[in-house]
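Overview (structure and organization)
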Amino acid sequence: MAAPRPLVVVTLLAVIVAAVSVSILAWIAIGTVNDTQRVVDKANRVADDAAASVRRLDRTTRDLDPAVRSLRRAADALRQASTTP
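Residues numbered from 1 in each chain as written. Predicted model: local features only at pLDDT ≥ 70, side-chain atom pairs only at ≥ 80, totals over all residues. Heavy atoms only, no water.

Next up on the list: the overall build of the chain. The number of helices and strands found in the chain is 1 helix and 0 strands. Relative to the compact-globule value of 12 Å for 85 residues, the chain shows a C-alpha radius of gyration of 36 Å, a clear excess of over 25%. Structurally, the chain occupies a C-alpha span of about 120 × 20 × 15 Å along its principal axes. Counting over 85 residues, the chain shows a buried share of 1%. When the accessible area of the chain is evaluated, it comes to approximately 7700 Å², of which 68% is carbon and sulfur surface. Averaging the coordinates of the 12 positive side-chain charges in the chain and doing the same for the 8 negative ones gives two points 2 Å apart. (Helix = DSSP H or I, 4+ residues; strand = E, 2+ residues; numbered from the N terminus. Rg over C-alpha atoms; globule rule 2.2 N^0.38 Å. Buried < 20%, exposed > 50% of the residue type's maximum accessible area, 1.4 Å probe, protein only. Areas by Shrake-Rupley, 256 points an atom, 1.4 Å probe, with all protein chains shown as cover. Lys, Arg positive; Asp, Glu negative; His and termini not counted. Charge placed at Lys NZ, Arg CZ, Asp CG, Glu CD.)

Structure representation (structure tokens):
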């Protein structure tokens, strides 16, 4: 006995709707992956920029170390001079 014609039509419509839904979800997922990759790339660039800034700061600090030591010695000498009668 064959399935009633309206049931076949309803089943086919349900399968088509499901296929379209899956296609839309796949399209959204692909778009999300691309957006996520852009965010990851941007985060990597920010991290690289921050690392470069830290390296520059380290170099600057290293360059200033002799001057800071000299200022500390001068401050110590002034303190000693002010306490000596």
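Let's pick the thread back up.
Where charged atoms from two side chains of opposite charge approach closely, those side chains can pair. The tally for this structure, following the rule as stated, stands at 2 salt bridges. Put simply, Arg79 and Asp76 hold a salt bridge, and the shortest N to O gap is 2.7 Å. With Arg79 and Asp76 both in helix α1 (residues 5–83) and 3 residues apart, the pair spans about one turn of that helix. (Salt bridge = Lys/Arg side-chain N within 4 Å of Asp/Glu carboxyl O.)

Moving on to a positive patch on the surface. Residues Arg55, Arg56, Arg59 and Arg62 make up a contiguous surface patch of positive charge. Tracing the chain through its elements places Arg56 in helix α1. Taking the relative accessible area as the measure of exposure, Arg56 reaches 45% and is therefore partly exposed. (Patch = residues over 30% accessible without salt bridge, like charges linked within 9 Å, V, L, I, M, F, W, Y side chains within 5 Å.)

Here we take up α1. One turn of the α-helix equals 3.6 residues, which is why residues spaced by three or four share an orientation. In a regular helix each residue adds 1.5 Å, so 79 residues correspond to 117 Å; α1 covers 109 Å between its end C-alpha atoms and thus fits that length. The principal kink in α1, of about 40°, is found at Asp65, preceding the proline Pro66 by one to four residues. (Expected span 1.5 Å × (residues − 1). Bend = angle between axes of the 7 residues up to and from the residue.)

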